[in-house]
Amino acid sequence: MGEVPGHANRIEGRATVHQVVQTRDVHGGVHIHQHPATSSLVIPHQLPGSVRHFVNRSRELARLTTLLAGRDAEPHAARVAVITGTAGVGKTSLALHWAHIFRSHFPGGELYASLHGYAAPAPTPPEVVLGRFLEDLGVPTAQVPVAPERRESLFRSLLADRRMLIILDNAVDSTQVRPLLPGTSRSLALVTSRDDLTSLVTQQDAVRVRVATLPASDAVELLRVTTVDDRPGDRVADLRELALMCSGLPLALRIAAERAAGWPALPLGELVDELRDETARLSVLTADPEYGTQQEVDAVRSVFEWSYRALPEEAARLFRLLALHPGNEFGLPLAASLAGREPSRVRALLEILVRAHLLRRRPGGRYEFHDLTKAYAGERTRREESEGERSAVVERCAAWYLHTVDAAQRSIAPHDSWPMDDRVPAPNGTLHFAGYQDASQWYQAEATNLVDCTRAAADAGLPATAWRLAVAARAIHMHQNTFDAWRTTALVAVDAARTAGEEDGEAEALESLGKVAFQAMRLDEAEECHRAALAIRRRVGDRRGMAVSINALGLLGLRRRQLAEARAHFTEALGLFRELGDRRWSTLLRSNLAEALCELGRGEEAVALIEPALTDFRELGDHAGEGNALWLLSWAHREAGDPGRAASAIAEALALAEARDNQLWRGHWLAESSRVELARGNAAAALRQSRESAEVQRHLGDAAREAVALDGAGRACQVLGRYDDAVELHRRAVAGFRAVDARWQLAHALAHLADSLDGCGEGVAALAAREEAAGILGRAPDPDVG
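1. Looking at the overall build of the protein chain
Piece 1. Regarding its fold elements, the protein chain presents 35 helices and ten strands.
Piece 2. In the protein chain, which comprises 786 residues, the proportion classed as buried is 55%.
Piece 3. Summarising the internal contacts of the protein chain: among those between residues at least 6 apart in sequence, 68% fall at separations of at least 24.
Piece 4. Accessible surface, the protein chain as shown: approximately 32,100 Å² in total, 50% of it carbon and sulfur.

What follows is the structure in structure tokens.
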């Protein structure tokens, strides 16, 4: 928050022989001061000029305006507004904008002081400000009391019968502000600070007005109105990107806008490219005085500098260390690990940073950097921490995430978790989880950081940590259906494992990449990855890994309708797992063989396989395997002509999904429940469940399963005689299957579309759909299987 230039001090009234002329550099003008005996004639007008192009802040302005109505309610209580927010967010601008609008409500004039709350070497003491205020109110310098309490008393006496506005800008804390407040409600004080000034709120009943960064639309509007005279042709997309780079900070926006306006021939996209480099952001914004007034040019850097230099050294060092965290948001446990201190002490240090508005609190006990604050913290870190210390902190951060995500995977997906080795030592403070819900909540909060940390570890020369972090998170990604994060980290892991020269890691990373490709229906990519992983595992003699890769190839055959090949792979993998004595994987392979039988329409044989597998999953406590077995049992009973038993099985599966709050399971199993309801003659229920399934899959981003659900909804509409709706739903399903190249499912959706088109009397279109479906089935394996 910088001072706004251009405020003037004026005198109203008749000068007397008691008046003296004195020049001072505090407020930048010539002041006429008057003896207290005639001070009623002195009416200071010290409001600095307001900023041009003030944008919105209507809610904050309205909140301030409520103070005007309370003047007579409690005449002996001061009216105080505390305007808080991060440095550079526009606290001063808000205060001055409001003050200029309502200055007529204060016929006694306005006093303004910058308290330099975060300036080096120290904030302005309140007694110094009082001395200046007294002189501005007409007290001769020689008569200004020496004792601070006498100055405070005289100041309040002079204000007692006046209606004045006092603006106290950039306060460090409540102690600095309290002596400067008026003693009655006739006057109003506006205080800006990066600190919350809690004691003013609780003890002086101050109204707190929090100023946040500008929303994207307001930030773009500020850029537009500031630059439109010089650059009327800028694209909205570029303005939006520039606003994003400036993080909604009005000072940063104004400085960037001034630079853009000063170089009208420079494409705005080039400035955006410069700002995109976070390490250069502050230097770009403050590089040239021509970008704005010197005050504005200095603002972005100086406000952070002021805040930082006011910190206790322990808090300042934590601020620097947190800059090495790859994300902007983090929790207390991570901060404590980086600092190497007890959480209770680190919490106190974090609160110091929050009060200084160098960090922001987030829900759930988390903290967040502002982008520009993070860039500044990084700058301080590079200046003040040695390269060795920075590397050690980055390594500690990556290790903390590695061992914490290992604990999370064992709670979220104990039967799919990867058995991590001890190559990377665990730092102090890694988390342990009480159970699934605890770990899942942690993952939801840290999902973005896990991706960032995996990249950061690889970039920092920690490939062994990077690939392990990606693989340890694999089971969580698989259970949470977080495809983008899964694929991104898997790609990093493949390169990292190769850089580390660890073939077992490369195979694990390729397996992970193959699994996410399979889920996204990129089947050729999935096969390439799994075959590459299998080759490595054969070479190094990893029999368990070989069995896992062979099973993955079987699942590919299942998806491609290469059912004979799929059953052969499943049988080979089952033999390996039985040799290894792995009960859980053996049970899983029996389930996969049962699914192949369901695809072949051999429901009774599938039931015989899946029922004992279901028992094993329950004894193993494998909820995912149990739910999958129930889904398969429903399918098998449905194929065997027993929809009643199918309904019981799928209802159990859905109850399990509800108990585990797992939307991935719920979306998938709702589609089977819809098919069961249709088989039982409940088309309306089937339609409702298919639509629910489609909505869940849309939210999860699973295009293939969304298409399955849409196709099911279309079939339900057919049964209900709603052929127009059915056509629309089947067309959407067809488009979805085309997009993911799911040919077998596409053929069935085309056949269903043809039936619906017949119902609408569109015979020609129906014939075309059937011909395309027949062509696909003619090229597909096992064409006799429907």
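Next comes the rest of the description.
2. Topic: the packing of helix H29 (residues 643-660) against helix H30 (residues 663-679)
Piece 1. The N-to-C vectors of H29 and H30 enclose an angle of 160°; their axes lie 9 Å apart at closest approach. The angle between the axes of H29 and H30 places the two elements in the roughly antiparallel class. Read as a crossing pair, H29 and H30 show a hand that is left-handed. On the side of H29, the interface is formed by Pro643, Ala646, Ala647, Ile650, Ala653, Leu654, Leu656, Ala657 and Arg660, while H30 contributes Trp665, Arg666, Trp669, Leu670, Glu672, Ser673, Val676 and Ala679.
Piece 2. Its residues placed into classes, the contact of H29 with H30 shows 13 nonpolar, one polar and three charged.

3. Details of the packing of aromatic side chains
Piece 1. As enumerated under the stated definition, the model contains 17 aromatic pairs in all.
Piece 2. Each ring, one from Phe319 and one from Phe369, has its centre 5.8 Å from the other, and the planes form 50°; the classification is tilted. Taken together, the residues span a long stretch of sequence, with Phe319 in helix H13 (residues 313-322) and Phe369 in the loop between strand S10 (366-368) and helix H16 (371-384) at a distance of 50 residues. Judged on exposure class, the residue Phe319 and its partner Phe369 are both buried.
Piece 3. Pairing Phe330 with Phe369 gives two aromatic rings, centres 6.1 Å apart and planes at 55°, and the pair type is tilted.

4. Focus on the pattern of salt bridges
Once their charged atoms are close, side chains differing in charge can pair, the charge on each being opposite to the other.
Piece 1. Summed over the entire model, instances satisfying the criterion amount to 59 salt bridges.
Piece 2. Three or more residues joined by partner-sharing salt bridges are found here, namely Glu313, Arg317, Arg320, Arg380, Glu384, Glu385 and Glu389.

5. Some details on the sheet that holds strand S9 (residues 360-362)
Piece 1. Across the sheet, which stays open at both edges, the three strands sit in the order S8-S10-S9 with antiparallel pairing between neighbours. Strand pairing shows two members of the sheet lacking a second neighbour, strand S8 (329-331) and S9, which therefore form its edges. Within the sheet, the average angular offset between the axes of one strand and its neighbour, ignoring direction, is 35°.
Piece 2. With three bridges connecting them, S9 and S10 associate as antiparallel partners. Looking at the pairing, Arg360 lines up with Glu368 of S10.

6. Here we look at the pairing of strand S4 (residues 110-114)
Piece 1. In terms of burial, S4 is largely enclosed, as five of its five residues are buried.
Piece 2. Of the two faces of S4, both are covered, the one formed by Glu110, Tyr112 and Ser114 as well as the one formed by Leu111 and Ala113.
Piece 3. Note: S4 against strand S5 (residues 165-171), five bridges, orientation parallel. Paired with Ser114 across the bridge in S5 is Asp169.

7. Some words on the sheet that holds strand S3 (residues 79-84)
Piece 1. Reading across the sheet, the five strands line up as S4-S5-S6-S3-S7 and stay open at both edges, with parallel pairing between neighbours. Strand pairing shows two members of the sheet lacking a second neighbour, S4 and strand S7 (207-210), which therefore form its edges. For this sheet the average axis-to-axis angle between neighbouring strands, irrespective of direction, equals 15°.
Piece 2. Summarising the sheet, S3 and S7 pair through four bridges and their orientation is parallel. Each residue of the ladder has a partner; that of Val82, found in S7, is Arg208.
Piece 3. The sheet strands contacting helix H1 (residues 58-65) are S3, strand S6 (188-193) and S7, and the helix crosses S7 at an angle near 170°.

8. Regarding the packing of helix H32 (residues 703-719) against helix H34 (residues 743-759)
Piece 1. H34 packs onto H32 with a crossing angle of 25° between their chain directions and a minimal axis gap of 10 Å. Taken together, the axes of H32 and H34 lie roughly parallel to each other. H32 and H34 meet at a crossing whose hand is left-handed. Contact residues: H32 offers Asp711, Arg715 and Gln718, while H34 offers Ala749, His752, Asp755 and Ser756.
Piece 2. Residue classes in the contact of H32 with H34 are distributed as one nonpolar, three polar and three charged.

9. Things to note about the environment of Val177
Piece 1. You can see Val177 is positioned in helix H5 (residues 174-177).
Piece 2. With 20 residues separating them in the primary sequence, Val177 and Leu197 have C-alpha atoms 9.1 Å apart.
Piece 3. Excluding its chain neighbours within four sequence positions, the residues that come into contact with Val177 are Leu115, Leu168, Ala171, Val191 and Leu200.

10. A look at the side chain of Ser591
Piece 1. Among the structural elements, Ser591 can be located in helix H26 (residues 583-599).
Piece 2. Those residues in contact with Ser591, other than ones at most four positions away along the chain, are Ile610, Ala613, Phe617, Asn628 and Leu632.

11. Topic: H1
Piece 1. Of the positions making up H1, those classed as buried are Glu60, Leu61 and Leu64. Along the axis of H1, the buried residues cluster in a sector spanning 100°; they form a single face.
Piece 2. Contacts made by the buried residues of H1 are with S3, helix H2 (91-101), S6 and S7.

12. Some points on unusual backbone geometry
Piece 1. Phi is positive for Leu197, close to 50°, though the residue is something other than glycine.
Piece 2. Summarising the element assignment, Leu197 is placed in the loop between S6 and helix H6 (198-203).
Piece 3. For Leu197, a relative accessible area of 0% translates into the label buried.
Piece 4. Its identity is not glycine, yet Arg561 carries a phi of approximately 70°, on the positive side.
Piece 5. According to the relative accessible area criterion, Arg561 is buried, its value standing at 3%.

Rules used throughout
Residues numbered from 1 in each chain as written. Predicted model: local features only at pLDDT ≥ 70, side-chain atom pairs only at ≥ 80, totals over all residues. Heavy atoms only, no water. Helix = DSSP H or I, 4+ residues; strand = E, 2+ residues; numbered from the N terminus. Buried < 20%, exposed > 50% of the residue type's maximum accessible area, 1.4 Å probe, protein only. Contact = heavy atoms within 4.5 Å. Areas by Shrake-Rupley, 256 points an atom, 1.4 Å probe, with all protein chains shown as cover. Axes fitted to C-alpha atoms, helices over the stretch in contact; angles between N-to-C directions. Parallel < 35°, antiparallel > 145°, perpendicular 65-115°, else oblique. Left-handed = near helix turned anticlockwise from the far one by under 90°. Nonpolar A, V, L, I, M, F, W, Y, C, P; charged D, E, K, R; others polar. Phe/Tyr/Trp six-rings, centres within 6.5 Å; stacked < 30°, edge-to-face > 60°. Salt bridge = Lys/Arg side-chain N within 4 Å of Asp/Glu carboxyl O. Pairing = 2+ DSSP bridges. Arc of directions from axis to C-beta.

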